[in-house]
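For reference, the chains in residue letters:
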Amino acid sequence: MVGAMVRAVTIGRVVLAGLAALPACDQTENDRPPTLPYITLAILQPYCAQGVCHSSYRKESGYAFDTLDAARESLLIGRSGAATRLVNPDEPEASLLYTVLVRKIRRMPYDAPLPDKDIELVLRWIEQKAASDLGLAP
Amino acid sequence: MTRRYALAAVAAIALCAAAGGRAAAYPQLLSREATCTGCHLSPAGGGPLGENGLAIAEAISRWGTAAEFFYGKVHTPSWLTLGGDLRGATGYVQTPEKLLASFPMQIEGWGRAVLGPRLSLYVNLGSRASQVGNEGATFAWSREHYLMWQQRPGESSGFYVRAGRFMPVFGLRLVEHPTYIRRWGGTPLYGETYGVAAEYIDPAYEVHATGFLRDPILATPEHANGAAVVGEVRIRPRLSLGAEAMYTSSPGEQKYRIGAIARWRLEAPELLLQFEGQFMNQLIEPRGAPKQIIAELLASRFVTGAVLLDVGLGLFDENVAITGLHREALDVNVHWFATSHIEAIATGRIETLAFGDAGPLSGYALAQLHYRL
């Protein structure tokens, strides 16, 4: 029993020490990759694809972001006209995907506003990579 | 950041400790004397209450009514137990748009049938938001349905094996799904999967191991296959420590989580402190590996016989390598157990992004009513 206690305390100390040390790691500015997989799996999926929102199950407003395929399909809705599409590489700041993240009314995600740097990354992706990632390049 | 967070933690614990009263058994008050199976039939907690759970539900309520199904007025065969939960909320939400909102949260019934000396079947069924394109078949569906084998029927310790659809056993297993350790911690709302769990409960320790596969029928939020293990050792009568790990794999990504949990029941003032801290490495193909921290510190205390106060602090850092990507939440819940079936809850949250430096303030103040059949 004493051995088990010592082992448990040792494991707990190691785990907690590791957790406590992490925030002290060197931090950098926003150098994350502006790619569709990263935007989808690190931002859109965890923040927007909750069970009753933009999941493949519920597809609120017709959009789903819980998988890469679902996100790609949703981002191409309205492909025939750039004005109705979620992303508009010609006018990134007019893209609905960007404006819903920053507007005052009905801002998304409705229960957990995104940090500024996530919004910056989404905008950077629309500017730099959305056209090629979605096959929209002329 | 660390200093401000430490100050906030101290303030939260002080707020909870300052309220007078006593601690008592409740699902959030696990200690050496009360494992999940001390009150619930499931080794992971939640769902049907056992004999002791019913007695406690009656004992802690303001007007201690009979805690059985429909106050014991409706009798079922000895092999069948029925129950259910109705829950709704109304109040103020800031998203940051300021709104008044009312919404149902849970309309769910369940049944447990004893199939043999050691074997039982549990099924719940509830009204849910339906699946787009499949509304007729999904306006109601079952979050959980599983077969359970129990080594020692009627006791709260021993081996358990469950197979079916249920939430992977992981972390503190709080009911409150908005907490970061649930929402981003591997057990989100509707995150149940099909799996097999092998669990062992002992007064001194418990271990749960779950292997799971994504639902092949419904496209629910959890799209990953994986495995989770969590163990907890009650190293002193009032202190338990545990460790956890989870691996999940889904198209385009893999997630590795490790974490620690702790429960410490203070004697004076009587206060239960619970902590869970997770570190997650998310591998995104072809490039990207955000390392995340998800943590919760929760202080719980009965301030009068029927009123339980929870004060929680949540931290979620979605990428520890980048500044300004963490969020913090202060949660306050006041539970009033009016009868053994009726619970009124006042729940509030203030959430900041990097302490206000990275985005708008959000939160809510809701009144919630819960009726247990």
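Anyway, here's the lowdown on the structure attached to this text. These figures come from a predicted structure and were not determined experimentally.

### Quick look at the overall build of chain B
Of regular secondary structure, chain B possesses five helices and 17 strands. Against the 2.2 N^0.38 benchmark of 21 Å for 373 residues, chain B shows a C-alpha radius of gyration of 20 Å, consistent with a compact globule. For chain B, the spread of C-alpha atoms along the principal axes amounts to about 60 × 50 × 45 Å. Looking at chain B as a whole, 55% of its 373 residues are labelled buried. Considering only contacts within chain B whose residues lie at least 6 apart along the sequence, 53% involve residues at least 24 apart. Within the structure as shown, chain B displays about 15,300 Å² of accessible surface, and the carbon and sulfur contribution to it stands at 65%. Where the 32 positive side-chain charges of chain B centre and where its 33 negative ones centre are 2 Å apart.

### Concerning the overall build of chain A
Check the secondary structure of chain A and you find six helices and zero strands. Reading chain A from its N end, one meets helices and strands in the order α-α-α-α-α-α. Considering chain A as a whole, with its 138 residues, one finds that 49% of them fall into the buried category. Long-range contacts, defined here as pairs at least 24 residues apart, represent 48% of the contacts in chain A between residues at least 6 apart. Accessible surface, chain A: about 6,700 Å² in total, of which carbon and sulfur atoms supply 57%.

### Re the environment of L115 of chain B
Residue and element names in this part refer to chain B. Considering the arrangement of structural elements, one finds L115 in the loop between β2 (98-114) and β3 (119-127). Between the C-alpha atom of L115 and that of W79, which follows or precedes it by 36 residues, the distance is 7.6 Å. Leave out the neighbours within four places in its chain, and L115 touches S120, L121 and L147.

### Some points on the state of the cysteines
In this structure the tally under the stated criterion is zero disulfides over all chains. The thiol of C48 of chain A is not disulfide-bonded; the next cysteine sulfur, from C53 of chain A, is found 8.6 Å away. Of the residues examined, C48 of chain A reaches a relative accessible area of 11% and is grouped as buried. Counting only cysteine sulfurs, C36 of chain B is the nearest neighbor of C39 of chain B, a cysteine outside any disulfide, at a range of 8.8 Å. Assessed through its relative accessible area of 9%, C39 of chain B is described here as buried.

### Observations regarding the packing of aromatic side chains
Enumeration according to the criterion identifies 17 aromatic pairs over all chains in this entry. Relative to Y190 of chain B, the ring of W141 of chain B lies with its centre 5.6 Å away and its plane at 55°, an arrangement referred to as tilted. Separated by 49 residues along the polypeptide, W141 of chain B in strand β4 (residues 140-141) and Y190 of chain B in the loop between α5 (180-183) and β7 (193-201) bring together distant segments of the chain. Considered together, W141 of chain B and Y190 of chain B belong to a single accessibility category, that of buried residues. Taken together, the ring pairs in this structure connect Y47 of chain A together with Y180, W184 and F316 of chain B into an aromatic cluster. The positively charged end of R128 of chain B is found above the aromatic ring belonging to W141 of chain B, 5.0 Å away from the centroid. Above the plane of the ring of F166 of chain B lies R162 of chain B, whose end atom (NZ or CZ) is 4.4 Å from the centre.

### Focus: helix α5 (residues 116-128) of chain A
In a regular helix each residue adds 1.5 Å, so 13 residues correspond to 18 Å; α5 of chain A covers 18 Å between its end C-alpha atoms and thus fits that length. The secondary structure elements touched by the buried residues of α5 of chain A are α2 (36-48), α3 (68-75), α4 (96-102) and α6 (130-133) of chain A.

Each value, and the rule that gives it
Residues numbered from 1 in each chain as written. Chains lettered and ligands numbered in written order. Predicted model: local features only at pLDDT ≥ 70, side-chain atom pairs only at ≥ 80, totals over all residues. Heavy atoms only, no water. Helix = DSSP H or I, 4+ residues; strand = E, 2+ residues; numbered from the N terminus. Rg over C-alpha atoms; globule rule 2.2 N^0.38 Å. Buried < 20%, exposed > 50% of the residue type's maximum accessible area, 1.4 Å probe, protein only. Contact = heavy atoms within 4.5 Å. Areas by Shrake-Rupley, 256 points an atom, 1.4 Å probe, with all protein chains shown as cover. Lys, Arg positive; Asp, Glu negative; His and termini not counted. Charge placed at Lys NZ, Arg CZ, Asp CG, Glu CD. Disulfide = S-S within 2.5 Å. Phe/Tyr/Trp six-rings, centres within 6.5 Å; stacked < 30°, edge-to-face > 60°. Lys NZ or Arg CZ within 6 Å of the ring centre and 35° of its normal. Expected span 1.5 Å × (residues − 1).

As far as function goes, none of this settles anything; it's purely spatial.
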